[in-house]
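Okay, here's what each chain looks like letter by letter:
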Amino acid sequence: MSQKKALIVNLAASHVSVSSFREEAGRLFMDQFFAEDLAPGLGDDDWLNAAVSALAGLVNAHKISGQVTIIAPSFLLLQKSLKVPQVERERQAQIVAFEAQNAIPYPLNEVIWDSQVMSSDGVEAEVLLFALRTEVATRIANLISATGLRPYAIQAAPLLDSRAALLHAFFEQVLTRPYGEIAIADVIARAGVARSTFYEHFRGKDELLAASLQGPFEILADAIVASDRTAALERILAHFWTN
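This structure is a prediction, so every number in the text was calculated from the model and none was measured.

(A) The arrangement of the pairing of strand E4 (residues 67-72) in detail. Across the 6 residues that make up E4, a large majority, 5, are buried. The sheet contact formed by strand E1 (residues 4-11) and E4 spans 3 bridges and is parallel. Looking at the pairing, isoleucine 8 lines up with threonine 69 of E4. Here E4 pairs with strand E8 (residues 150-156) via 6 bridges, running parallel. Paired with isoleucine 70 across the strands is isoleucine 154, a residue of E8.

(B) Region of interest: helix H5 (residues 184-191). Along H5, the residues classified as buried are Ile184, Val187, Ile188 and Ala191. Here the buried residues of H5 occupy an arc of 100° about the axis, which is enough to place them on one side.

(C) Fine view of the nonpolar core. Ranked by size, the top nonpolar core spans 27 residues in total, and within it Leu11, Val16, Leu55, Ile144 and Leu149 carry the most contacts. Looking at this core, the element that brings in the most residues is helix H1 (residues 44-62), giving 8 residues. Setting aside anything within four residues of it in sequence, one finds leucine 149 in contact with Val9, Leu55, Val59, Ile64, Ser65, Gly66, Val68 and Ile144. If you look at the next biggest cluster of nonpolar residues, it comprises 17 residues, including Ala169, Ile184, Ala191 and Phe198.

(D) Seen up close, the packing of aromatic side chains. Scanning the entire structure with this criterion turns up 3 aromatic pairs. Ring geometry for tryptophan 47 versus phenylalanine 75: centroids 5.0 Å apart, planes at 85°, classification edge-to-face. With tryptophan 47 in helix H1 and phenylalanine 75 in the loop between E4 and strand E5 (78-85), this pair connects stretches of sequence that are 28 residues apart. In this structure phenylalanine 75 comes out as partly exposed when scored by relative accessible area, which is 36%. Relative to tyrosine 179, the ring of phenylalanine 170 has its centre 6.3 Å away and its plane inclined at 85°; by these criteria the two rings are edge-to-face. Overall, phenylalanine 170 belongs to the buried group, its relative accessible area being 1%. Lying across the ring of phenylalanine 29, arginine 22 places its NZ or CZ 4.5 Å from the centre. The residue whose ring lies beneath lysine 205 is tyrosine 179, and the NZ or CZ to ring-centre distance is 4.3 Å.

(E) Layout of the sheet that holds strand E7 (residues 124-133). If you walk across this open sheet you meet the 3 strands as E5-E7-E6, and the pairing is antiparallel. Two strands close off the open sheet at either side, each with one partner strand: E5 and strand E6 (111-120). The sheet shows a mean angle of 25° between the axes of neighbouring strands, direction not considered. Sheet strands touched by helix H2 (residues 89-103): E5, E6 and E7. Its angle to E5, the strand with the most contacts, is close to 135°. Across the sheet, helix H3 (residues 134-145) lies against E6 and E7, angled at about 60° from E7, the strand it touches most.

(F) Local environment of the confidence of the model for the protein. In the predicted model, the protein carries a mean pLDDT of 82, and 84% of its residues have values of at least 70. When mean pLDDT is taken per element in the protein, H3 scores highest with 95 and helix H8 (residues 230-242) scores lowest with 55.

(G) Quick look at the sheet that holds E1. Taking strand neighbours across the sheet as the criterion, the 5 strands line up as E3-E2-E1-E4-E8 in an open arrangement whose pairing is mixed. Pairing within the sheet leaves two strands with one partner each, and these edge strands are strand E3 (27-37) and E8. With strand direction ignored, the average angle separating the axes of adjacent strands in the sheet is 25°. As paired strands, strand E2 (residues 15-24) and E3 are joined by 10 bridges and run antiparallel to one another. Across the sheet, the residue bridging to histidine 15 is aspartate 37, located in E3. Contacting E1, E2 and E3, H1 crosses the sheet at an angle of about 50° to E2. The strands touched by H3 within the sheet are E1, E4 and E8, with E8 carrying the most contacts at an inclination of about 140°.

Rules used throughout
- Residues numbered from 1 in each chain as written.
- Predicted model: local features only at pLDDT ≥ 70, side-chain atom pairs only at ≥ 80, totals over all residues.
- Heavy atoms only, no water.
- Buried < 20%, exposed > 50% of the residue type's maximum accessible area, 1.4 Å probe, protein only.
- Helix = DSSP H or I, 4+ residues; strand = E, 2+ residues; numbered from the N terminus.
- Pairing = 2+ DSSP bridges.
- Arc of directions from axis to C-beta.
- Core = buried A, V, L, I, M, F, W, Y, C linked by side-chain atoms within 4.5 Å.
- Contact = heavy atoms within 4.5 Å.
- Phe/Tyr/Trp six-rings, centres within 6.5 Å; stacked < 30°, edge-to-face > 60°.
- Lys NZ or Arg CZ within 6 Å of the ring centre and 35° of its normal.
- Axes fitted to C-alpha atoms, helices over the stretch in contact; angles between N-to-C directions.
- pLDDT = per-residue confidence, 0-100.

Structure (structure tokens):
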């Protein structure tokens, strides 16, 4: 029986941890977990030195080795929230990339950056940009390599809201396909969540549709009371007219 394994180093503000996971028969198991607390109130340089020292202690004490994914803490990240139109994924990615040039206070070739949709009302999506300076990422990777581990990737601390991810995935589907052709499995696959997670938030596709309409109808209501959201209203009406 095939197994997939992952070794995760979490560099948190208050502690360092090492977790060993394996995926077997569609289920995720944590085989090992080790952690070491850090002193509070450290500056960035002192924190990083303390974190790597604590990690080295865990590696030596528990004979840990192998390739690792590193979770970087949020305080090392440059973060910026922005709103972009709710359009097809490829077009939205282009808009986000354009906005990132102005939102990130460094040339993009000096940072490692990504984005994540946090919420959407069906007209606009709230996107979180996060970036780590390349020199900081390189320093972290080199220091962790010195402990004997092999850095494979550096990721931001998790931020995903599964309900928002499902709504965003559904919006992407309805922009390109008739409602009757959209299956729950399609939405789940787009959102990257488990089927059980879908049913924690919605009883079915119709309830998902109802939740997705809340944002657009709020904008329609705003228009009635003379709130100036004409452009958003025009996009909604154009979409309903053609679908």
